[in-house]
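Listed below are the residues making up each chain.
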Amino acid sequence: LYTIKEANFETGDVTIIAADAESQKRINAVLQAEKLVIDGQQVMRKLKGDKDDAKQDGRDGAIHDNMKWEEIQRKISELAKMRGRRGFNPDQVIDDLKRMLEVTKTNAKNYFGPDEVLTVLTELIRAEFDSSTAAFDQMKMEKWQSTFALVLESIRLVRDNPDAVLKTDGGIFEHYDEDEAGEAARAASSKERTYVVVCLNVEKLDDELFKALQFTDLHSEEYHQRLRTSVDMFGMLLACYEFFKRNNKVFEEAEWRIASRLLESVYYKHDSVQKKVMQARHDSATDDEKKYWEWRPSEDWIVELSNVVYEKGSVEKRTRAILCQVYHHALHSRYFEARNLMMISNVYDQAVQLDILTQVLYNRVMVQFGLCAFRWGRLHEAHTCLMEVCAQNRARELLAQGLSRGERTDEQEKAERRRQLPYHMHINLELVETAHLISAMLLEIPNMASRETSDRRRVISRSLLRQLDSFDRMPYNGPPERGRECVTAAAKHLQRGEWEKCTELLERNLTIWEYTIDAEEVKGMLRSQVKEVALKTYLFSYASIYNSFELSQLTSMFGLEEAKVRSIVSKMMFDEQLQASWDESSRHVLVQKVDPTKLQNMALQLADRAAAAVESNERLLDYQTGGFKDGDRWGKGKGKGKGKGKGRDGGYDDDKGRGKGSKGKGYGMRANPSSAGGRPGLGSGGGWDNFRRNNLPQGFAFGSRSQSSGGFGGGSRFGGGSVFGGGGKGWGGSPGSAWAR
């Protein structure tokens, strides 16, 4: 009511502007009566006392106990108009709304009902949310708890009074995103609009808690307090889901929205943790709330929530529901269920087209699926899934568990910070890296042994090879400490056939077992896998030396059963990895030493070198040209070339679309010897041209200026001096054209 425009506390001059003319007269009278008072604070105390008197008798729009609903509506509108203006005090607005809420609850004289209480309560919740609008400014703990109590009160009010509706929206949609509220919700019926507001208040409260967990120091006590409040938030989501499930005909969208929130609140938690939380809250809950905390198998519950989202949700929410379900299967070592769901749903094609948060969730699912395959002993699948994240040392960035190390703008850094996950949702990166290296070791070591007797160079894991090269270059290697060092040392032991020392390093020196689910079973699986890999490595390494191997000796050397050894050796024979056969008694492996002919060796070398040349050429072309860009488009030149072909082809121009076409059939490059770089078009020569050839090493030039009169002309280089066509028309033409030097 009173705004101090100017105050000089040294002289006592105070200029005050009132809300209306009557109040201004009273203020002027007070200033005249106190004109001899030097202390300006006494004027303020006098005005405050006059303001309190006005509140008591209900003058000047003040909040009083005898307010009518029209006065409350007018006051709410005034407070809503003050938002965003200079001098706006959100705390004062919250105090006024709390006072009006108390009036509507206690004043029976004017017959305030649930509708009026719900309307004022919704405005108070909106004002609480307005206190934290910045992207990196989370709600304080006390503020969030008070808002939580208000939202919970609104849910109970709607649940206990099914006919309660909002008297007016009063701008309640202004603090929600347009895609959440939507024009359909604004134009809906009063009851449906009421359910929309309740649903969006719950979602907004959940978002504020998630944002607070993002930007709170994990080592502080506040983080643990907020983590405890997440259990309360989970209980609110349970109550909302049951309510909207019973009343889904009023607002169908609310059911799958809350189901999606519940799904993303529980998918990353193991049953061993979630069950303890549910039982603890069940013991301390009231009789009405105990039904929400009854434990049931999470797999069935996840399926129920996912089906609700699949049936009614949006494309983004359906994709996220599939990913959450796959993650939950993989977390509980249900490998085949997770694999089948991923293959049937084709979730990759959907995830890469959605927002970055969905892509981060997809990366998390792939990592968890790789860890599940590792626990099952399916090394190829585990290595394939984990390699995508670990190969480029960008696991923190791809899993949203840390910031990237490259250069980025301020906006990119802010966007990256906003999508970081809270610490309690992180996947242990040491476990991921160690599982990746162990899988690579068990696949690459026998592959390295097979390459020593073969001309083919197939690399499975370049990461492990870099670690082994670094290990070999070190003049002295001390005892391994980190997981990466332990796996590298174990790989060197495995190369030498010392499978006992390899197993000991993996089982005793690694620290990941305390984070691994079913650690003892995984250790047993690794011991068996190491024995089998040691056997394969031994056979690859010494098959060229020995004429035969005895089955009993192999079983004693590697601690395997005869049936297992027989199975491994037979599979190697079947896959043509080992040129051998069993004797008549099936107790000896007879090695067949058949060396490839010189022609076969040359053919293999030619195939490998050709593949390497193609890969290098493609890499250099992408590096020089940058690939196709948005500026590439077809020109519409009418052609001024000298070719002899028929038809008028449109030129191809990757810059401005003004390529001059050729009358020939072949595509060429516009000839301009003084140009630093040619643009593709139908040039006068009608042959391939590339003015970037000077930037390429000899042997990798894609073409020089064409000298022919049509088609792919002579002079185009394919390799170091080799001529593809010379001086003629079309594909070759003149004598003297040759393929290679």
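Here the structure is shown first, and the text comes after it.
Note that the structure is predicted; figures quoted are calculated from it, not measured.

A. Expanded view of the sheet that holds strand E3 (residues 548–550). Strand order in the open sheet made by the three strands is E3-E5-E4, with antiparallel pairing throughout. At either end of the open sheet lies a strand with only one pairing partner, and these are E3 and strand E4 (580–582). Pairwise comparison of adjacent strand axes, ignoring direction, gives a mean angle of 20 degrees for this sheet. Pairing of E4 with strand E5 (residues 588–591), which is carried by three bridges, proceeds in the antiparallel orientation. Across the sheet, the residue bridging to Ser 581 is Leu 590, located in E5. With respect to the sheet, helix H26 (residues 562–574) is in contact with E4 and E5, its orientation differing from that of E4 by roughly 135 degrees.

B. Region of the structure containing the packing of helix H13 (residues 315–331) against helix H14 (residues 335–345). As a packed pair, H13 and H14 sit with axes 8 Å apart at the nearest point and diverge in direction by 160 degrees. In this view, H13 runs roughly antiparallel relative to H14, as classed from their interaxial angle. Pair H13 / H14 crosses with left-handed handedness. From H13, Ile 322, Gln 325, Val 326, His 329 and Ala 330 reach across to H14, where they touch Glu 337, Ala 338, Leu 341, Met 342 and Ser 345.

C. Representation of helix H8 (residues 190–214) in the model. Between its terminal C-alpha atoms H8 stretches 36 Å, which fits the 36 Å expected from 25 residues at 1.5 Å a residue. Extensive coverage of H8 is indicated by the burial of 19 of its 25 residues.

D. Spatial organisation of H14. Among all positions in H14, only Tyr 335, Ala 338, Met 342 and Ser 345 are buried. One side of H14 holds all its buried residues, which, seen down the axis, span an arc of 130 degrees. Summarising the geometry of H14, the exposed residues directed more than 90 degrees from the buried face are Met 343 and Ile 344. Next to the buried residues of H14 lie H13, helix H15 (347–351), helix H16 (356–376) and helix H17 (379–390).

E. Structural view of the nonpolar core. In this structure, Met 236 and Met 441 are the most contacted members of the largest nonpolar core, which totals 165 residues. Looking at this core, the element that brings in the most residues is helix H20 (residues 429–451), giving 13 residues. With sequence-adjacent residues up to four places away left out, Met 441 is seen in contact with Pro 446, Leu 464, Val 487, Ala 490, Ala 491, Leu 494, Cys 502 and Leu 506.

F. Looking closely at the pairing of E5. Burial along E5 is one-sided: Val 589 and Val 591 are buried, and none of His 588 and Leu 590, which face the opposite way, are. When E3 meets E5, the two strands line up antiparallel, connected through three bridges. Its bridge partner lying in E5, Ser 548 is registered against Leu 590. Counted along the chain from E4 to the antiparallel partner E5, the turn is five residues long, and its residue Ser 586 has a positive phi close to 60 degrees.

G. Summary view of the packing of aromatic side chains. One pass over the full model with this rule turns up 18 aromatic pairs. Between Tyr 195 and Phe 243 the ring centres are 5.4 Å apart and the planes differ by 55 degrees, which places this aromatic pair in the tilted class. Of this pair, Tyr 195 sits in helix H8 while Phe 243 sits in helix H9 (residues 221–246); the two residues are 48 residues apart in sequence, bridging distant segments of the chain. Taken together, a centroid distance of 5.3 Å and an interplanar angle of 15 degrees make the contact between Tyr 335 and Phe 369 stacked.

About the criteria used
Residues numbered from 1 in each chain as written. Predicted model: local features only at pLDDT ≥ 70, side-chain atom pairs only at ≥ 80, totals over all residues. Heavy atoms only, no water. Pairing = 2+ DSSP bridges. Helix = DSSP H or I, 4+ residues; strand = E, 2+ residues; numbered from the N terminus. Axes fitted to C-alpha atoms, helices over the stretch in contact; angles between N-to-C directions. Contact = heavy atoms within 4.5 Å. Parallel < 35°, antiparallel > 145°, perpendicular 65-115°, else oblique. Left-handed = near helix turned anticlockwise from the far one by under 90°. Expected span 1.5 Å × (residues − 1). Buried < 20%, exposed > 50% of the residue type's maximum accessible area, 1.4 Å probe, protein only. Arc of directions from axis to C-beta. Core = buried A, V, L, I, M, F, W, Y, C linked by side-chain atoms within 4.5 Å. Phe/Tyr/Trp six-rings, centres within 6.5 Å; stacked < 30°, edge-to-face > 60°.

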